[in-house]
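Notes for the structure review
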Amino acid sequence: MVVAVGGVAFAEVVSGAPTPSPSFNGPVYAIAHRGDVVYAGGSFTAALVGGKSIARQRLAAFNARTGTLLDWNPGADATVRALAVDGNTVFAAGDFDKVAGMSRDAVASIDATSGALGALKHTVLGQPNALAVANGRLYVGGRLTAVDGLPRTNLAAFSTTTGLLDAWAPTTDDNVNALAVAGNRVFLGGPFHKTNGVRSTLRLAAVDGTTGAVDAAFMPKPVSQVFALATDADGVYAALGGLGGRAVAYTFAGATRWTRVFDGDAQAITTMNGTTYVGGHFDKACTTTNNGVKGVCTDGSVPRVKLAAIDGAGNLTDWAPQANGVVGVRTLAANPANGLVSAGGDFTTVTGTAQKRYASFGGPTEGAPVPPAPPAPPSPYVASYNFDSTVADGTYDDGSGNGHLLRTYAVNAGALKTVRHGDGQGLAFPSKCTGPDCARVVLRADNVADLNPGGRNLRYGAAVLLSPAETSSGENVLQKGYSTGGGQYKLQVDGVSGKPTCVMSGQTEPTIHVARGARSIADGEWHTLECRRAGASLSIVVDDQEVGTATVPVELAVDTTQPLSLGGKGTGVENDQFHGSIDDVWISVG
């Protein structure tokens, strides 16, 4: 038993210590369980295993017992917002147009083992936000106007066996954020005020799972927008936003069983074995149901940073893993069969340790010795950066697994902006400017021995976007060291013509060796640039074509105490500031 704020907590809760699992380089919006397999969907482009980045385009799966990332890798070309599992099928919904490289508009069915696509294929106007499976149907909620040219007002359903559009078509007058099922009833949550045109069905309603008719016996009328729903044998659970946030438990007749109040939105909710787990962007749980301006708890509070647990009587337990971030936790899912609770969102730490955007609690390893984290595949890089993280904290993870974190350094209100690049994003540096008051920004990683190649072969590169108006006398893309004091290697774009160059100098002699590209890359298009040092040869490669070479002393060695710097050599006035966009920066030694 757990003594809790507001009384005695009667339900058992899972451990607050995360169990082994991958992390992700972008937000996790959706989680679904199938036995000991966990499926995750979101806007990430890679799973992080042992600190290494492994490509997973917005869909991934891993083993809950070991934390091992599975080969299941269908991929989607835009954000996955909802997942549901039925038998051997994983259903996905979101912003995508393609899954597994094939056309799938907003909804898809995927084999849970092979990742092959199923029969579900439709034209959907709008954005699905939520999925639920029951009664032989896949229920979809969101901001919808039509499916295959047939009117649908925020709700639709498909056959789980044939994939065909079902006649089920209740309506709401605003978005549907959440769905949950119990028997033949489908519960809807969102900011809407009417369901099927019926008054008093605001924000939370129940409809028949076959006919879509409103259940007049369930009209709880929550005080603010519903972001998430869950059900169990005792009733319905809702996560609310508004002034602060609330987790509310209702009977199946719509009566309130209990309410817990937080100082920020409750965005996720799930229930298991008599305990309700809540996630959101709150930092505190109020000790009473009173809160004031901006959700501040007026009668006292206890820390519950992004995660909390509540027993069956509505008492707050002492479960407090303490995640971080602004958005915090976006989604929760529980699997009573193996005791696992999963959390996904934008957080990057849990219990003060790195746990990026996904965390598992309890599960099949509960009470057993925690196995070591599964090994990650070896990385060909000593450092790599894809900038696909959406956590705006001014740092960028090293996808090689070697821990060379990039930090932002800026003066004169300099700032980086994200830009679309392929299926992910790159970074845009400040616009061209002259004078001491210009905005300047660089990214730096601390000097570490493995970033110094010595006399070994070396390759490094980046994807670069630069327009003719963004060139100057010289702009640094990547630099480690200077021509004096240990030597250097550098990738830059030279002159107003915008021609790329690779530069090296040695530890014991300051001569600068330059391999020059013959053509400008300042044309407003993305180009891949690579510098290659092999023995006595230094070459520059643009879009996989060698375009320039130079000879370097075979004994040339670089061993510098200077940091790795991207976008400029510092924040001083003459910093060779880069003014375009970069992505996919990498360094390989040996």
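Since the structure is predicted, the reported quantities are computational estimates derived from the model, not experimental observations. (Residues numbered from 1 in each chain as written. Predicted model: local features only at pLDDT ≥ 70, side-chain atom pairs only at ≥ 80, totals over all residues. Heavy atoms only, no water.)

Moving on to empty space enclosed by the protein. Using the criterion set out here, one finds 1 cavity of 30 Å³ or more in the structure. When its volume is computed, the largest cavity comes out at roughly 50 Å³. Arg444, Gln479, Gly481, Tyr482, Gln562, Pro563, Ser565 and Lys569 are the residues that line the largest cavity. Considering only residue class, the lining of the largest cavity consists of 2 nonpolar, 4 polar and 2 charged. (1 Å grid on protein atoms, 1.4 Å probe; cavity = no way out; pocket = protein on both sides within 12 Å on 5 of 7 lines; lining within 4 Å. Points joined across faces, edges and corners; volume = space filled by probe spheres on them. Nonpolar A, V, L, I, M, F, W, Y, C, P; charged D, E, K, R; others polar.)

With that out of the way, let us pick up the sheet that holds strand β14 (residues 107-111). Here 3 strands make up an open sheet; going across it, the order is β10-β11-β14 and the pairing antiparallel. Of all the strands in the sheet, just β10 (80-86) and β14 have a single pairing partner and so form its edges. Within this sheet the neighbouring strands show an average axis-to-axis angle of 25°, counted without direction. Looking at chain direction, strand β11 (residues 89-94) and β14 are connected through 5 bridges and run antiparallel. Note on β14: the bridge partner recorded for Thr89 is Asp111. (Pairing = 2+ DSSP bridges. Helix = DSSP H or I, 4+ residues; strand = E, 2+ residues; numbered from the N terminus. Axes fitted to C-alpha atoms, helices over the stretch in contact; angles between N-to-C directions.)

Another aspect to go through is the state of the cysteines. Two cysteines whose sulfur atoms are joined by a covalent bond form what is called a disulfide. Tallying each qualifying case throughout the model produces 3 disulfides. Paired through a disulfide, Cys286 and Cys297 show a sulfur-sulfur distance of 2.0 Å. Residues Cys286 and Cys297 are joined by a disulfide whose S-S torsion is about -75°; by sign, that bridge is left-handed. On the criterion of sequence distance, the pair formed by Cys286 in strand β28 (residues 284-286) and Cys297 in the loop between β28 and β29 (301-303) is long-range, its members being 11 residues apart. (Disulfide = S-S within 2.5 Å.)

If you trace the backbone, Arg203 turns up in the loop between β20 (185-189) and β21 (204-208). No salt bridge forms around the buried Arg203; measuring N to O, its nearest opposite-charge neighbour Asp174 is 9.0 Å away. (Buried < 20%, exposed > 50% of the residue type's maximum accessible area, 1.4 Å probe, protein only. Lys, Arg positive; Asp, Glu negative; His and termini not counted. Salt bridge = Lys/Arg side-chain N within 4 Å of Asp/Glu carboxyl O.)

To continue, consider the packing of aromatic side chains. Inspection of every chain in the model, using the stated rule, returns 15 aromatic pairs. With a centroid separation of 6.4 Å and an interplanar angle of 20°, the aromatic rings of Tyr385 and Phe387 are classed as stacked. We classify Tyr385 as buried; its relative accessible area is 3%. Its relative accessible area of 3% is what places Phe387 among the buried residues. (Phe/Tyr/Trp six-rings, centres within 6.5 Å; stacked < 30°, edge-to-face > 60°.)

Looking now at the layout of surface pockets. Volume-wise, the largest pocket comes out at about 1300 Å³. Looking at the largest pocket, it is lined by 40 residues, and the ones nearest its centre are Leu131, Leu179, Leu229, Thr331 and Leu332. For the lining of the largest pocket, the secondary-structure elements that each account for two or more residues are β5 (28-34), β10, β15 (124-134), β19 (178-182), β22 (226-232), β26 (266-272) and β31 (329-335).

The next subject is the pattern of salt bridges. Under the definition given, this model contains 11 salt bridges. Here Glu530 and Arg459 are joined by a salt bridge, their closest N and O atoms 2.7 Å apart. Taken together, the residues span a long stretch of sequence, with Glu530 in strand β47 (residues 526-534) and Arg459 in strand β42 (residues 458-465) at a distance of 71 residues. The buried category is assigned to Glu530, whose relative accessible area is 8%. Two residues, Asp494 and Arg516, come together in a salt bridge whose shortest N-O distance is 3.8 Å. Linking Asp494 in strand β44 (residues 488-494) with Arg516 in strand β46 (residues 513-516), this pair joins segments that are 22 residues apart in sequence. We classify Asp494 as buried; its relative accessible area is 18%. Among the ionic contacts, a cluster of salt bridges with common partners joins Arg459, Glu530 and Arg532.

Attention shifts here to a negative patch on the surface. On the surface, a cluster of negative charge is contributed by Asp523, Glu525, Asp543 and Asp544. Tracing the chain through its elements places Glu525 in the loop between β46 and β47. In this structure Glu525 comes out as partly exposed when scored by relative accessible area, which is 48%. (Patch = residues over 30% accessible without salt bridge, like charges linked within 9 Å, V, L, I, M, F, W, Y side chains within 5 Å. Areas by Shrake-Rupley, 256 points an atom, 1.4 Å probe, with all protein chains shown as cover. Charge placed at Lys NZ, Arg CZ, Asp CG, Glu CD.)

Ranked by size, the top nonpolar core spans 42 residues in total, and within it Phe387, Tyr460 and Ile587 carry the most contacts. Ignoring sequence-local partners within four residues, the contact set of Tyr460 consists of Leu478, Tyr489, Lys490, Leu491, Cys502, Val503, Met504, Leu529, Glu530, Cys531, Trp586 and Ile587. Formed by 19 residues, the second largest nonpolar core is a distinct cluster that contains Val37, Leu59, Val99 and Ile110. (Core = buried A, V, L, I, M, F, W, Y, C linked by side-chain atoms within 4.5 Å. Contact = heavy atoms within 4.5 Å.)

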